[in-house]
Amino acid sequence: MFACSKFISSPSLVKSTSQLLSRPLAASLSSLAVSRPLTPLVSRHSFQTSTISRDIKTTAKFTGARAGAVGVPGSGAEIGTVFGSLIIGYARNPSLKQQLFSYAILGFALWEAMGRFCLMVTFLILFAM
């Protein structure tokens, strides 16, 4: 990623593109075709092929944090499913209102705990390792 940012912000590339953008389009195209080949637009820096262990560890940390954070929106979806099922159950049998509500609160608490657990693991991965 560092090599790509060096490539994008190289001084020769910035200078040549700013010169092209400061002139009218027709003049830029004619001067590009006639006087200046496209090779100066490409940076002459070679890409670094060796990997640094710090970059690999950082990438692994962010990947693990992303994987841990997947459970948070899933928890929200399941909470919606719990309360949707409460409404359906209450519509089918209103006499079980209190029992269905207690089951829904239990389901809500369990799914909320799972979402918070996923968030806690994500923060542990990001800030404790």
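The numbering scheme is per chain: residues are counted from 1 as the chain's sequence reads. Local features in this predicted model are restricted to residues of pLDDT 70 or higher, and side-chain atom pairs are both shown and tallied only at a pLDDT of 80 or more, whereas totals for entire chains, interfaces and linings draw on every residue. Side-chain metrics rest on all non-hydrogen atoms present in the structure, leaving aside hydrogens and water.

### Here we look at the UniProt feature "transmembrane region" (unreviewed entry) in the protein
UniProt positions are given in the numbering used here, feature names are shortened, and annotations may be inferred rather than shown by experiment. The UniProt feature table records "transmembrane region" (unreviewed entry) at residues 100–128. Each helix is a run of H or I in the DSSP string that is no shorter than four residues. Each strand is a run of E no shorter than two, and both are numbered from the N terminus. What you have in residues 100–128 is 100% helix and 0% strand, and the ends, taken at the C-alpha atoms, are 41 Å apart.

### Some details on the environment of L126
Structurally, the position occupied by L126 is in helix α6 (residues 97–128). Buried, partly exposed and exposed residues are distinguished by accessible area as a fraction of the type maximum, computed with a 1.4 Å probe on protein chains only: under 20%, between the cut-offs, and over 50%, respectively. L126 gets classed as partly exposed once you look at its relative accessible area, which sits at 22%. Between the alpha carbons of L126 and F62 there is a distance of 7.0 Å; along the sequence they are 64 residues apart. Ignoring sequence-local partners within four residues, the contact set of L126 consists of K61, F62 and A65. Should any heavy atoms of two residues lie within 4.5 Å, those residues are counted as being in contact.

### Observations concerning helix α5 (residues 71–92)
A helix is expected to reach a length of 1.5 Å times the quantity of its residues less one. If you check α5, its first and last C-alpha atoms are 31 Å apart, about what 22 residues at 1.5 Å a residue would give, namely 32 Å. Every buried residue of α5 is listed here: S75, I79, V82, L86 and G89. Angular distribution of buried residues about the axis of α5 spans 90°; they occupy a single face of the element. Residues of α5 that are exposed and point more than 90 degrees away from the buried face comprise P73, I87, A91 and R92. Against α6 lie the buried residues of α5. The arc in question is traced by the directions running from the helix axis to the C-beta atoms.

### Describing α6
End to end, α6 covers 45 Å across 32 residues, agreeing with the expected 46 Å (1.5 Å per residue, within 8%). All of the buried residues in α6 are A104, G107, G115, C118, T122 and I125.

### Comments concerning a nonpolar patch on the surface
The grouping of W111, M114, F117, M120 and L124 at the surface amounts to a nonpolar patch, some 490 Å² of accessible area in total. Among the secondary structure elements, M114 is positioned in helix α6. By definition, no residue in a patch forms a salt bridge, and every one has over 30% relative accessible area; like charges are joined within 9 Å, nonpolar side chains (Val, Leu, Ile, Met, Phe, Trp, Tyr) within 5 Å. Note on areas: Shrake-Rupley with a 1.4 Å probe; residue coverage comes only from the protein chains shown. Think of a salt bridge as a Lys or Arg side-chain nitrogen and an Asp or Glu carboxyl oxygen that are within 4 Å of each other.

### Quick notes on the side chain of S75
Looking at where S75 falls in the secondary structure, it is placed in helix α5. Judged by its relative accessible area of 5%, S75 is buried. Every residue in contact with S75, bar those within four places of it in the chain, is listed here: W111, E112 and G115.

### Describing the packing of α5 against α6
Helix axes are fitted to C-alpha atoms over the stretch in contact, other axes to C-alpha atoms as well, and angles between N-to-C directions run from 0 to 180 degrees. Orientation of α5 relative to α6, taken along the N-to-C sense of each, is 175°, at an axis distance of 8 Å. Considering the angle they form, α5 stands roughly antiparallel to α6. On α6, the residues touching G71, V72, S75, E78, I79, V82, F83, L86, G89 and Y90 of α5 are K97, L100, F101, A104, G107, F108, W111, E112, G115, C118 and L119. Residues were grouped as follows: Ala, Val, Leu, Ile, Met, Phe, Trp, Tyr, Cys and Pro as nonpolar; Asp, Glu, Lys and Arg as charged; and all remaining residues, including Gly, as polar. Within the contact of α5 with α6, the residues separate by chemical class into 13 nonpolar, 5 polar and 3 charged. Here roughly perpendicular refers to angles of 65 to 115 degrees, roughly parallel to angles under 35, roughly antiparallel to angles over 145, and oblique to all remaining angles.

### Some remarks on the environment of I87
With respect to the helices and strands, I87 occurs in helix α5. Accessibility expressed as a relative area gives 60% for I87, which makes it exposed. For the pair I87 and K97, spaced 10 residues apart in sequence, the C-alpha to C-alpha distance is 9.6 Å.

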